[in-house]
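What follows is the residue order along each chain.
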Amino acid sequence: MGHNDSIFRKFLYMLGACLLTMAVFGLTACGSSSDASSDGDMDLEQSDGDADATPNYPLDTVLRLNQIQVKGTHNSYHVFDNDPIWAFGGEQVALDMQAEKQGVRQFELDVHYKAGRGFLVYHSVYGDPGTNCEKLEECLALLKNWSDSHPGHHALFIFIEPKDDLTPLTMTEQSDALDALILSVWPKERLIRPDDLRGDHASLRAAIEAEGWPTLGESRDKALFFLFDSDVYRDAYLDGRPNAEGRVMFPRSDKALDSPIGTFVNFDDPVEDADRIRQFAEAGFLIRTRTDVASQEAIDNNVTRIAAALASAAQMISTDFPAVTDEFSYHFDIPEGMPSRCNPLLAPTGCTPADVENLSGE
């Protein structure tokens, strides 16, 4: 009891001294000062800054999702099981490390369904089964965890490409389960879904024409999923839901400007398809293109497609070589990206890469 009494007396003494100091010097709180340069104020300002790690983005109410240009990886999970077969592309580090170290913001996952095992991620059982994340939920969790720990990042673009090694086409029967799995990792409040974009409009295309894409401010810390197929898997996904009603993923549209589901389209070759890329970009589509195919550009150290992709209005530029490797110096980066940049044809005047994303605070 004597020890507790001593502590209580010290507390009363300190409280009395504090109140006296406030009365004499007119301070509003103990340890504060009217001098803005005092140690107390500086500590408080630093504490506030640490508590709010989200960067300030002045153009967040103006700049839209289709007005940026980002780095993506083709077959983002891909590793070689044995000796490299470069026709299958390059090797990738873990998805979260691509986001953290390589500035990747667009990812592509080939998804297969196996009874009793669920959704598995790999390219093909025929000579190319290697993967750095075996199950889809594991792959998505890597990206979700990275997102959680990096507030202020611009939206992630995640492609899901359904695949079957053999017939029958079992993935055509898994649309609902696939959506449910995505939502089990990425809850709807952290997504932009077709319903969110369409709103009260008759179709996705009508929504784009009337409203455009969400702003970066409306989409930070979120993800958009895309069903990377325009054939039987897409048809099954949209069966009874022609406008992707209730779906999680945006369907890949046919290469037609008036497609009612026309939000996202793929043009692999930025050289041959330069005019069409520009045409679709000006119509409000999100576009994905590629800097290299089957490693040929890396083997030849040919940057022609890189230059064409960067000069285009394509928002997502996909590569098999997001970093220098032991085998090739060829690789792709967004010039001056932090890690992404303003779209060279669509972004408003005055946009800088730091307006798109700047987690480093530089």
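Residues numbered from 1 in each chain as written. Predicted model: local features only at pLDDT ≥ 70, side-chain atom pairs only at ≥ 80, totals over all residues. Heavy atoms only, no water.

(A) Region of interest: the nonpolar core. By size, the foremost hydrophobic cluster in this structure holds 58 residues, and its most contacted members are Leu109, Leu136, Leu140 and Phe225. Contact partners of leucine 136, with chain neighbours within four places excluded, come to Leu109, Val111, Phe119, Val121, Ile160, Leu178 and Leu181. (Core = buried A, V, L, I, M, F, W, Y, C linked by side-chain atoms within 4.5 Å. Buried < 20%, exposed > 50% of the residue type's maximum accessible area, 1.4 Å probe, protein only. Contact = heavy atoms within 4.5 Å.)

(B) Just the pattern of salt bridges, in detail. Taken as a whole and judged by the stated rule, the model has 21 salt bridges. A salt bridge links lysine 163 to aspartate 110, with the shortest nitrogen-to-oxygen separation between them at 3.2 Å. Placement of lysine 163 in the loop between strand 4 (156-162) and helix 5 (175-185) and of aspartate 110 in strand 2 (residues 104-114) is noted, with a sequence separation of 53 residues between them. Among the ionic pairs, lysine 144 bridges to aspartate 148, the shortest N-O distance being 3.1 Å. (Salt bridge = Lys/Arg side-chain N within 4 Å of Asp/Glu carboxyl O. Helix = DSSP H or I, 4+ residues; strand = E, 2+ residues; numbered from the N terminus.)

(C) Quick look at the layout of surface pockets. If you add up the space inside the largest pocket, you get close to 220 Å³. Every residue lining the largest pocket is counted, 15 residues in all, and those nearest its centre are Glu91, Gln92, Val324, Thr325 and Glu327. Looking at the lining of the largest pocket residue by residue, the classes come out as 8 nonpolar, 4 polar and 3 charged. Taken as a whole, the second largest pocket encloses approximately 150 Å³ of empty space. As for the second largest pocket, its lining consists of 13 residues, and the residues nearest its centre are Glu100, Gly103, Arg105, Met338 and Pro339. Element by element, the count of residues in the lining of the second largest pocket is highest for helix 3 (residues 95-101), at 3 residues. When grouped by side-chain class, the residues that make up the lining of the second largest pocket number 5 nonpolar, 4 polar and 4 charged. (1 Å grid on protein atoms, 1.4 Å probe; cavity = no way out; pocket = protein on both sides within 12 Å on 5 of 7 lines; lining within 4 Å. Points joined across faces, edges and corners; volume = space filled by probe spheres on them. Nonpolar A, V, L, I, M, F, W, Y, C, P; charged D, E, K, R; others polar.)

(D) Molecular detail of helix 10 (residues 274-282). Burial in helix 10 covers these residues: Ile277, Phe280 and Ala281. Buried residues in helix 10, looked at end-on, bunch into an arc of 100 degrees, giving them a common side. The outward face of helix 10, more than 90 degrees from its buried face, is lined by the exposed residues Asp275 and Glu282. In this structure, the buried side of helix 10 is in contact with strand 7 (264-266) and strand 8 (286-290). Backbone geometry just after helix 10 places glycine 284 at a positive phi near 95 degrees. (Arc of directions from axis to C-beta.)

(E) Spotlight on the packing of aromatic side chains. Applying the stated criterion to the full structure yields 17 aromatic pairs. Taking 5.8 Å as the distance between ring centres and 35 degrees as the angle between the ring planes, the aromatic pair formed by phenylalanine 226 and phenylalanine 250 counts as tilted. Placement of the pair is phenylalanine 226 in strand 5 (residues 223-227) and phenylalanine 250 in strand 6 (residues 249-251), with a sequence separation of 24 residues. Phenylalanine 250 carries the same exposure label as phenylalanine 226, and that label is buried. For the ring pair phenylalanine 226 and phenylalanine 264, a centre distance of 4.8 Å and an interplane angle of 50 degrees mean the geometry is tilted. With phenylalanine 226 in strand 5 and phenylalanine 264 in strand 7, this residue pair connects regions lying 38 residues apart in the sequence. On the basis of relative accessibility, which here comes to 0%, the residue phenylalanine 264 falls in the buried class. Joined through ring pairs, the aromatic side chains of Phe157, Phe159, Trp213, Phe226, Phe228, Phe250 and Phe264 make up one cluster. For arginine 220, the ring lying beneath its charged end belongs to tyrosine 57, and the centroid distance is 3.4 Å. (Phe/Tyr/Trp six-rings, centres within 6.5 Å; stacked < 30°, edge-to-face > 60°. Lys NZ or Arg CZ within 6 Å of the ring centre and 35° of its normal.)

(F) Main features of the state of the cysteines. Applying the stated rule across the entire model yields 2 disulfides. Disulfide pairing places cysteine 342 opposite cysteine 351 at an S-S distance of 2.0 Å. Negative torsions about the S-S bond denote left-handed disulfides, and the value of about -85 degrees found for cysteine 342 with cysteine 351 makes this one left-handed. (Disulfide = S-S within 2.5 Å.)

(G) Structural detail: helix 12 (residues 304-311). Every buried residue belonging to helix 12 is among Arg305, Ile306, Ala308, Ala309 and Leu310, and all of these are buried. Here the buried face of helix 12 lies against strand 1 (68-73), strand 8, helix 11 (296-300), strand 9 (316-319) and strand 10 (341-342).

(H) Region of interest: the pairing of strand 8. Here strand 8 lies mainly inside the structure; 5 of its 5 residues are buried. Of the two faces of strand 8, the one carrying Leu286, Arg288 and Arg290 and the one carrying Ile287 and Thr289 are both buried. Crossover handedness for the path strand 7 to helix 10 to strand 8: right-handed. Here 3 bridges tie strand 8 to strand 9, and the two strands are oriented parallel to one another. When the sheet's bridge partners are listed, threonine 289 is paired in strand 9 with isoleucine 317. (Right-handed = clockwise from strand over helix to strand, strands pointing away. Pairing = 2+ DSSP bridges.)

(I) Region of interest: unusual backbone geometry. Following threonine 167, the chain continues to proline 168 via a peptide bond in cis, the omega torsion being 5 degrees. Of note, proline 168 is situated in the loop between strand 4 and helix 5. Backbone torsion omega between methionine 338 and proline 339 reads 10 degrees, so that peptide bond is classified as cis. Along the chain, proline 339 turns up in the loop between strand 9 and strand 10. One non-glycine residue, asparagine 75, lies in positive phi territory at about 45 degrees. Judged by its relative accessible area of 3%, asparagine 75 is buried. With phi around 65 degrees, serine 295 is a residue other than glycine that occupies positive phi space. Relative to the helices and strands, serine 295 is located in the loop between strand 8 and helix 11.

Remember that the coordinates give geometry; whether it matters functionally is a separate question.
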